Every structure is written in structure tokens, then in C-alpha cells.
Number of protein chains: 2
Amino acid sequence: MKTKDRIVHVALELFNEFGERKITTNHIAAHLKISPGNLYYHYRNKSDIIARIFDQYETTVAGLFDLPQGRHITLEDRAVLTEKLLDLLWNYRFMHRDLVGMLENDEALHQRYQAFANHATDQIAMVYQRMCDSGFMQMTPEQIKPLALNVWLLCTGWANYLRTARGISEEEITPAHLNQVIYQLTYLEMPYLTEVTKEETEQLLEQFKPF
Amino acid sequence: MKTKDRIVHVALELFNEFGERKITTNHIAAHLKISPGNLYYHYRNKSDIIARIFDQYETTVAGLFDLPQGRHITLEDRAVLTEKLLDLLWNYRFMHRDLVGMLENDEALHQRYQAFANHATDQIAMVYQRMCDSGFMQMTPEQIKPLALNVWLLCTGWANYLRTARGISEEEITPAHLNQVIYQLTYLEMPYLTEVTKEETEQLLEQFKPF
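This structure is a prediction, so every number in the text was calculated from the model and none was measured.

Draft legend 1. Region of interest: the UniProt feature "DNA-binding region" (unreviewed entry) in chain A. If you check UniProt for "DNA-binding region" (unreviewed entry), the listed places come out as residues 24-43 of chain A in our numbering. A distance of 13 Å separates the end C-alpha atoms of residues 24-43 of chain A, which is 75% helix and 0% strand.

Structural data, given as C-alpha cells:
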């Protein structure tokens, strides 16, 4: 891996492990055993590194919504989406734990984040539309939009909730803590599921039951 | 109003208008036209003032859940609860806009907040249990808990969402922005409502439709 990419890779790891606010470019350089000067040769500052992580994040989120075209989606497509979502929540768990702090002094990132959030909520609505088209869900257009927004709030608010309301620190967090999102998500979707999806959904609930 | 109470009153106002992180004890003293020394006579530091605001906040939240005992709740009780919730969201809107920042350096408050969050989610579940007892909702015990948690995430995540995803600053925020919570909340509850609550709920949706 090139130094430029290794910097982003290690920064993401450290942000996830210790929180973005606690990590400086010096920490990142020290962890990579390179000089701060070498780091600054590749990135102007921490914001610049975060912007590259956000590029990756956006691409990963886009991949989440990259459903097969030209045919109905299947329950397997939906299972794949769930797996991808779990990976995303874990691999970028720092992102929504203190988003306010991260956007506070980075107006460019804040602008980008708003466009991203808007687009992502539309994409969630699109997934539900396709679930309806495939006969897995039954919803009116009026119901899809608020459901999509509630799902967005759940998925992006969960890391913050773990931190503030449950007092789970960066060091303590496990994938199981994030998996509970699937449990909560399933209860959001449940009332709109058709008979054909019920069995898989019951299995999901068992699998992601909070401990 | 005594100086001790005026300090808390003005601090809450300034936190709501400009965000807690931007306001110092000096700002509060200046706004009250008292000396910093006079302020420190009443409160040791900003944390001490925030602790008093949190006392008020807890009392107000408790008031939200203070439903009539010894009889079934009515749709009027539910309407009153909605009104109280709207007031709460507006009057303490600073609270959940940057909670991470506020709890970051205040371990005592963080401990308190966790106990509060836990208790509040139980109280939400209790309200739904009573809605079921009154015949306004139909839910199994397994459904009540995740719904209560999703409602908690919605109500406490909304101010943060407005700030980060919608880019609405403290100065720009209006009650209408917060009222959309009721719209989203209604969609969470809708699938579990019985026939008798449907009409009132349609009216709520019209009233709180996002602009």
C-alpha cells in the first residue's frame, strides 16, 4: 500500500478506536512510524485526511444502494444489503459518534455531509420502493418517505446513542452493539412487510436480539 | 426572580440561541449585567449551571409522563402529552444538538444522563402500555420495547439531525423545525393504532406535515 493510502487507512483505524477528536496528525504519523513532514507531504492537515475517508465512506454507502437493475430484487439481495450495512456501521463507526464536533470547524465537509444525507435518505426510500415492487413490502408513497427518514435517524443516531445514553466508550464498543441497529430497523419495517418476508424477518429478529 | 434563578434562566436562553459550546459564564454574566464574581458567588462554574438546567429538564420530562392514575387515559391526555413534548423540544433544544460535546468533559453529568435516558425509555414504553390498556393501540410486549427505543432515538436525535444533515443553525431554528418530530413519531405509532385513534391521527399528520 502506498504511504498516501496507508495514512488514510491508519487514520480511520485510530478514529474508530479512540474517537476522531482525540487523534491528531502527529498520532497518525507516529503510528505509521513516519515523520510529520512526510505526512504533510501527502495531506495538508487532518481535515484533508478526513475528506479522503469521507470519499471512501460515500463510495461504500453508494455500494449499499447499488441493487441489481432490470429485475425484481430478491430476499437474498436484501440479506446482502443487511450484511453490507453491518460492515459499514462497524468500519466507519467513528463517523456518527461525534459528527457535530467533526463538522464544527470544517464548513466544506459540513456542506458535503448535507448533500450526502439528503441523497442517502432518498436512496433508502428507493430501496423501500423496490421492496414494494418485489412484493416484500406494502406501502403507500406517503408512508415511504417518513419511514426512510426514521431509518436514517436510527442508523446515523445509534453510535451517538451508544456513547451518550449507554456510556459505551470507543474502546468498549463491539460489533454486537452496532448489530442491534438491525433489530430496531426490523421493527420499523415489520408493519409493512408482506407474508412472504415474515419468516426471514423472524429469523433476523432472533439473530439480532439485544443481549 | 432571584439572581440565582435568573442566571439559570438566561443561561438556558443563551444555550438555546447560540449553542452551549459557544457560551461562557462571562457571556451569561454580561447578559445579566452582573459581575463574573457575582455569578461565581452562586455557581462554581458552567457545569454547575448546566447541572441546574438538567434538574429542570428532568422535572419537565417527568411531567410529560405524569399521566392520570386510576383511570384509562383518554385521547385528550395524549393530545396534552404531545403539546408538552413540543414545548420540551423547543425550550431545551440545545440539549441534544451537541450532547457529546456537553458530556465530554463532565463525567458527573454523563452518569446522570445515562440513568435519565434509561428511565425515560422505560417511561415511553409505559405510555404505550397505557395506550394499549385504553384500547388506542394494539401491541405485544415484544413490540413495545423496540418502539419505545425508536421513539427515544427520534426525539433525542432530531436536533442533531437538523444541525448536521439539514445545516440549520441555532439562529435559524424555528418551532416548526422541531414540530416535524410529531409527524415522524406519528408514522412510528400508526401501524399499532386501533380504529378509534385513526381520525385524530390523520388530523395530527395534516397539522405537522413537513413544509
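Alright, that's what it looks like, and here's the rest.
Draft legend 2. The arrangement of the UniProt feature "domain: HTH tetR-type" (unreviewed entry) in chain A in detail. Within this numbering scheme, the UniProt entry marks residues 1-61 of chain A as carrying the feature "domain: HTH tetR-type" (unreviewed entry). For residues 1-61 of chain A, helix accounts for 77% and strand for 0%, while the C-alpha atoms at its two ends are 23 Å apart.

Draft legend 3. Layout of the pattern of salt bridges. By the definition in use, this model includes 26 salt bridges over all chains. For Asp48 of chain B, the salt bridge goes to Arg52 of chain B, with nearest N and O atoms at 3.4 Å. Here Arg52 of chain B and Asp48 of chain B lie together in helix 4 (residues 46-64), a separation of 4 residues that amounts to about one turn. By relative accessible area, Arg52 of chain B is classed as partly exposed at 31%. When the shortest N-O distance is used, the salt bridge between Arg71 of chain B and Asp77 of chain B registers 2.8 Å. Classification of Arg71 of chain B by relative accessible area gives partly exposed; the value is 41%. The exposure class assigned to Asp77 of chain B is buried, which follows from its relative accessible area of 13%. Here the residues in one salt-bridge network are Arg44, Asp48, Arg52, Asp55, Glu58 and Arg112 of chain A, joined through shared partners.

Draft legend 4. How the structure looks around the environment of Tyr113 of chain A. By the secondary structure assignment, Tyr113 of chain A is in helix 7 (residues 107-133). Expressed as a C-alpha distance, the spacing of Tyr113 of chain A and Leu103 of chain A, which sit 10 residues apart in the sequence, is 8.5 Å.

Draft legend 5. Helix 8 (residues 141-164) of chain B, seen in detail. Residues and elements named next belong to chain B. Its 24 residues give helix 8 an end-to-end C-alpha distance of 34 Å, which sits within 8% of 34 Å, the value for a rise of 1.5 Å per residue. Largest kink in helix 8: about 45°, centred on Gly157. The element helix 8 is largely enclosed, with a buried count of 20 among its 24 residues.

Draft legend 6. Examining the nonpolar core more closely. By size, the foremost hydrophobic cluster in this structure holds 156 residues, and its most contacted members are Ile28 and Trp152 of chain A together with Ile28 and Trp152 of chain B. Aside from chain neighbours lying at most four places away, what touches Ile28 of chain B is Ile7, Val10, Ala11, Leu14, Phe15, Ile23, Leu39 and Ile49 of chain B.

Draft legend 7. View of the interface of chain B and chain A. Across the boundary between the two partners, chain B contributes 36 residues, which contact 36 residues of chain A. Interface area, chain B with chain A, both sides summed: about 3,000 Å², of which 60% is carbon and sulfur. Scanning the region where chain B abuts chain A turns up 2 salt bridges. Residue Arg163 of chain A pairs with Glu104 of chain B through a salt bridge whose shortest N-O separation is 2.8 Å. At the boundary of chain B with chain A, the tally comes to 12 residue pairs in polar contact (both at pLDDT 80 or more). If you list the elements that add at least two residues to the side of chain B that touches chain A, you get helix 6 (99-104), helix 7 (107-133), helix 8 and helix 9 (175-189) of chain B.

Draft legend 8. Geometry of the side chain of Asp98 of chain B. Looking at where Asp98 of chain B falls in the secondary structure, it is placed in the loop between helix 5 (75-91) and helix 6. Classification of Asp98 of chain B as buried rests on a relative accessible area of 9%. For Asp98 of chain B, the side chain forms a polar contact with the side chain of Arg21 of chain B, separated by 2.5 Å. Look past the residues within four positions of Asp98 of chain B in its chain and what remains in contact with it is Asp98 and Val100 of chain A together with Arg21 and Arg163 of chain B.

Draft legend 9. Main features of the environment of Met139 of chain B. All names here are of chain B. Topologically, Met139 is positioned in the loop between helix 7 and helix 8. We classify Met139 as buried; its relative accessible area is 13%. Along the primary structure Met139 and Tyr161 are separated by 22 residues, whereas in three dimensions their C-alpha atoms are 29 Å apart. Every residue in contact with Met139, bar those within four places of it in the chain, is listed here: Tyr128, Cys132, Ile144, Leu147 and Tyr192.

Draft legend 10. View of the environment of Gly167 of chain B. When you line up the elements, Gly167 of chain B lands in the loop between helix 8 and helix 9. Here Gly167 of chain B falls in the partly exposed class, since its relative accessible area comes to 27%. Among all residues touching Gly167 of chain B, those that are not within four sequence positions of it are His110 and Gln114 of chain A together with Leu162 and Glu172 of chain B.

Draft legend 11. Representation of a negative patch on the surface in the model. Residue and element names in this part refer to chain A. Taken together, Glu13, Glu17, Glu171 and Glu172 make up a surface patch of like negative charges. Secondary-structure assignment places Glu172 in the loop between helix 8 (141-164) and helix 9 (175-189). The exposure class of Glu172 is partly exposed, given its relative accessible area of 47%.

Draft legend 12. Structural detail: helix 1 (residues 3-18) of chain B. All names here are of chain B. A rise of 1.5 Å per residue sets the reference length of helix 1, with its 16 residues, at 22 Å; its end C-alpha atoms lie 22 Å apart and thus fit the reference within 8%. Taken as a whole, helix 1 has its buried residues at Ile7, Val8, Val10, Ala11, Leu12, Leu14, Phe15 and Asn16. Here the buried face of helix 1 lies against helix 2 (25-32), helix 3 (36-42), helix 4 and helix 5. Of the residues one or two after helix 1, Gly19 is the one with positive phi, at around 90°.

Draft legend 13. Up close: the relation of the copies chain B and chain A. Aligned on chain A, chain B shows an RMSD of 0.0 Å; the corresponding rotation is 180° and the shift along the axis is 0.0 Å. Both copies are brought into coincidence by an operation consistent with a two-fold rotation axis. Most of the interface of chain B is mirrored in chain A: 100% of its interface residues are interface residues there too.

The rules behind the values
Residues numbered from 1 in each chain as written. Chains lettered and ligands numbered in written order. Predicted model: local features only at pLDDT ≥ 70, side-chain atom pairs only at ≥ 80, totals over all residues. Heavy atoms only, no water. UniProt positions renumbered as here; feature names shortened; annotations may be inferred. Helix = DSSP H or I, 4+ residues; strand = E, 2+ residues; numbered from the N terminus. Salt bridge = Lys/Arg side-chain N within 4 Å of Asp/Glu carboxyl O. Buried < 20%, exposed > 50% of the residue type's maximum accessible area, 1.4 Å probe, protein only. Expected span 1.5 Å × (residues − 1). Bend = angle between axes of the 7 residues up to and from the residue. Core = buried A, V, L, I, M, F, W, Y, C linked by side-chain atoms within 4.5 Å. Contact = heavy atoms within 4.5 Å. Buried area = accessible area lost by both parts, 1.4 Å probe. Polar contact = N/O pair within 3.5 Å; in protein donor to acceptor, adjacent residues only side chain to side chain. Patch = residues over 30% accessible without salt bridge, like charges linked within 9 Å, V, L, I, M, F, W, Y side chains within 5 Å. Areas by Shrake-Rupley, 256 points an atom, 1.4 Å probe, with all protein chains shown as cover. Lys, Arg positive; Asp, Glu negative; His and termini not counted. Charge placed at Lys NZ, Arg CZ, Asp CG, Glu CD. Least-squares fit on C-alpha atoms with pLDDT ≥ 70 in both.

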